[in-house]
Amino acid sequence: MSTTLRIDSFASINTAERGVLASEVEAGATKLQLVGTDGFPEGQTIYVGTPGAEGVEKAVVGSVDNEVELTLTSPLKMAHARSDAVTAVVGDRIKIHRAPNVNGKAPTMEAFTLLATRTIDADLPSTYYRDADGSSSYWYCFSYFNVDTEAETDRSEPVRGDDFEHYASLTAIRKEADVVARGEPPVSGHGWVSVATTL
């Protein structure tokens, strides 16, 4: 069996600040004009563009020049329009933890060990990880982290692996596709993971 974990790419637990561009920027730009720079300190990892949608890209704040302008550590790869989202995150990677199932109840956090790390799929609403040995014999939780700053969120609530495949309804697929097509960010909660186990 194997378990596929689906984790929010931009859960609220990982969002440090939200802002918008005050003017458009071209590919290769190293300066951003924002409506306000509060919450975007030097060294902050940010994503420019709609989180979880095509065209979003990662950047790091090199300096805060004034109340509305940031300088990045490296040039942007893509152009971005005025009012595009600028999202500051705690971490750009995910730590996935696993613990054995003992009695059908969620284990304590001390029982979990690090299973893997995964870079956030910034242009997708969810980031996926496949545990080749996964099943209902295990519980999972995750946290977001930043290698450079060593910042890390609290761990998510544990969820148990399954012994069957989950399928999405056609209505749910159409609804999510319409939200992405309109360029709206995915609706994310405190942070969650869903599981699907395949034979």
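Residues numbered from 1 in each chain as written. Predicted model: local features only at pLDDT ≥ 70, side-chain atom pairs only at ≥ 80, totals over all residues. Heavy atoms only, no water.

**Section: the overall build of the protein chain**
Okay, so step 1: Tallying secondary structure elements over the protein chain gives one helix and 13 strands in all.
Okay, so step 2: The buried share of the protein chain, reckoned over its 199 residues, is 41%.
Okay, so step 3: Taking the intrachain contacts of the protein chain between residues at least 6 apart in sequence as the baseline, contacts between residues at least 24 apart amount to 71%.
Okay, so step 4: Within the structure as shown, the protein chain displays about 10500 Å² of accessible surface, and the carbon and sulfur contribution to it stands at 51%. (Helix = DSSP H or I, 4+ residues; strand = E, 2+ residues; numbered from the N terminus. Buried < 20%, exposed > 50% of the residue type's maximum accessible area, 1.4 Å probe, protein only. Contact = heavy atoms within 4.5 Å. Areas by Shrake-Rupley, 256 points an atom, 1.4 Å probe, with all protein chains shown as cover.)

**Here we look at the nonpolar core**
Okay, so step 1: Counting residues in hydrophobic clusters, the biggest one holds 17 residues, and the most contacted among them are Ile-7, Tyr-47, Ile-94, Ile-96 and Tyr-144.
Okay, so step 2: Secondary structure elements with two or more residues in this core: β1 (2-8), β8 (93-100) and β11 (138-145).
Okay, so step 3: With 15 residues, the next largest nonpolar core counts Ala-29, Val-48, Leu-72 and Val-86 among its residues. (Core = buried A, V, L, I, M, F, W, Y, C linked by side-chain atoms within 4.5 Å.)

**Focus on the sheet that holds β11**
Okay, so step 1: Strands sit in the order β9-β8-β11-β12 across an open sheet of four strands; the sheet is antiparallel. Taken across any chain shown, the strands that pair with only one partner, and hence form the sheet edges, are β9 (113-119) and β12 (159-160).
Okay, so step 2: Sheet topology note: the β11/β12 ladder contains two bridges and is antiparallel. The partner of Tyr-140 across the bridge, within β12, is Val-159. (Pairing = 2+ DSSP bridges.)

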